[in-house]
Amino acid sequence: MSITRRSARRSVRILGVASATAALALGVAGQALACNISEFKAEAKCDGDKGVIVVTDYDASATPAEITVFLENNGADAKQVGEPQKVKGSADGTTVTFQEEWKPNATYRVHVKAGRVDNDITPNLVTQSTACKKEESATPSAPASPSTKPKPSKSTPASTPTPSASESTSSAPAAPASNAPSPATGDSNLAETGANSNTGLIAGVAGALVVVGGGAVYFGMRRRGAKTGS
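Definitions and limits used
Residues numbered from 1 in each chain as written. Predicted model: local features only at pLDDT ≥ 70, side-chain atom pairs only at ≥ 80, totals over all residues. Heavy atoms only, no water. Helix = DSSP H or I, 4+ residues; strand = E, 2+ residues; numbered from the N terminus. Buried < 20%, exposed > 50% of the residue type's maximum accessible area, 1.4 Å probe, protein only. Contact = heavy atoms within 4.5 Å. Areas by Shrake-Rupley, 256 points an atom, 1.4 Å probe, with all protein chains shown as cover. Polar contact = N/O pair within 3.5 Å; in protein donor to acceptor, adjacent residues only side chain to side chain. Salt bridge = Lys/Arg side-chain N within 4 Å of Asp/Glu carboxyl O. Patch = residues over 30% accessible without salt bridge, like charges linked within 9 Å, V, L, I, M, F, W, Y side chains within 5 Å. Pairing = 2+ DSSP bridges. Axes fitted to C-alpha atoms, helices over the stretch in contact; angles between N-to-C directions.

A. Highlighting the overall build of the protein chain. Broken down by element type, the protein chain carries 4 helices and 9 strands. Counted from the first residue to the last, the protein chain has its helices and strands arranged as α-β-β-β-β-β-β-β-β-β-α-α-α. Relative to its 230 residues, the protein chain shows a buried fraction of 17%. Relative to all contacts within the protein chain whose residues are 6 or more apart in sequence, the contacts with residues 24 or more apart total 61%. Roughly 17,900 Å² of accessible area belongs to the protein chain as shown, and the carbon and sulfur atoms make up 57% of that amount.

As structure tokens, then:
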């Protein structure tokens with residue numbers, strides 16, 4: 001065998017070993033890019049008034065990954081949220097969304113399978129302290145019926161019935177007594193005949209005139225009798 005052939009074979013061996021080494025290094029490097037669990041991020045968010053769990057894959061090698069989410073209760077899986085979802089990461093991040101009406105301060109375990117990765121995102125996902133939608137009252141107050149009339153208050157006095165015409169006439173209060181003195185008994189008869197309060201004075205003057213006239217007649221008759229006897 002010539003020296004040229006030996007050199008050629010030696011060169012081929014060296015190239016083969018170098019190629020294998022390079023391929024192995026590239027393979028290991030590629031696996032190393034996909035095996036970093038820190039490239040996955042889980043968040044609890046709100047889609048309007050509905051809760052969702054969003055997982056983002058920042059794996060630049062775009063290695064296919066499978067994401068599974070579990071609700072935790074006292075350190076154990078209480079339930080699986082939906083079905084596992086597949087994703088291919090990117091440097092800018094690729095997301096998958098799980099519909100979940102999560103409650104405040106709930107804990108979720110997010111598991112990732114990608115290449116040689118088969119781990120949970122640590123720490124576990126803990127939801128925020130405020131829910132996406134406020135809880136409504138279990139027994140909402142019923143609206144008031146339009147036909148229902150309000151009851152009168154106890155402090156409102158009852159309406160007094162209006163008396164009839166006959167009752168109002170019979171129960172009319174007596175007229176207040178006048179301050180003028182009551183007329184004498186004799187004056188009441190004069191009032192009925194139409195005489196006024198001067199009738200008594202006129203009668204007294206007439207009686208006095210009768211007495212005076214009678215006295216004049218008496219003295220005149222006496223003087224006449226005296227003349228006759230002389």
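Having seen it, we continue.
B. Molecular detail of the side chain of Asp59. Turning to its location among the elements, Asp59 is positioned in the loop between strand 2 (50-57) and strand 3 (64-73). For Asp59, the side chain forms a polar contact with the side chain of Ser61, separated by 2.8 Å.

C. Focus on the pattern of salt bridges. Scanning the entire structure with this criterion turns up 6 salt bridges. Where Asp77 meets Arg109, a salt bridge forms, and the shortest distance between an N and an O atom there is 2.7 Å. With Asp77 in strand 4 (residues 76-80) and Arg109 in strand 7 (residues 107-114), this residue pair connects regions lying 32 residues apart in the sequence. In this structure, the salt-bridge partner of Asp120 is Arg109, at a minimum N-O distance of 3.1 Å. Remark: Arg109 occurs in strand 7 and Asp120 occurs in strand 8 (residues 117-120); sequence separation between them is 11 residues.

D. Fine view of unusual backbone geometry. For the bond running from Thr122 to Pro123, omega is -5°, close enough to zero to count as cis. Of note, Pro123 is situated in the loop between strand 8 and strand 9 (125-126). Although it is not a glycine, Ala62 sits at a positive phi angle of roughly 60°. Phi at Asn105 is positive, roughly 60°, even though this residue is not glycine. Here Asn105 shows up in the loop between strand 6 (94-99) and strand 7. Overall, the relative accessible area of 53% leaves Asn105 in the exposed class.

E. Molecular detail of a nonpolar patch on the surface. On the surface, Leu201, Val205 and Leu209 cluster together into a nonpolar patch covering about 320 Å² of accessible area. Note on placement: Leu209 falls in helix 4 (residues 199-229).

F. Up close: the environment of Gly89. Of note, Gly89 is situated in the loop between strand 5 (85-88) and strand 6. With 32 residues separating them in the primary sequence, Gly89 and Asp57 have C-alpha atoms 4.6 Å apart. Residues within four places of Gly89 in sequence aside, it is in contact with Asp57, Asp59, Ala62, Thr63 and Thr94.

G. Broad picture of the pairing of strand 8. Bridging between strand 7 and strand 8 involves 4 bridges; their strand directions are antiparallel. Across the sheet, the residue bridging to His111 is Asp120, located in strand 8. Between strand 7 and the antiparallel strand that follows it, strand 8, lie 2 residues; Gly115 among them carries a positive phi value of about 65°.

H. Region of the structure containing the sheet that holds strand 6. The strand order across the open sheet built from 3 strands is 1-2-6, with neighbouring strands paired in antiparallel fashion. On the outer flanks of this sheet lie strand 1 (40-47) and strand 6, each paired with one strand and no other. Neighbouring strand axes in the sheet, compared pairwise and without regard to direction, differ in orientation by 25° on average. One ladder, built from 6 bridges, connects strand 2 with strand 6; its direction is antiparallel. Looking at the pairing, Val54 lines up with Thr97 of strand 6.

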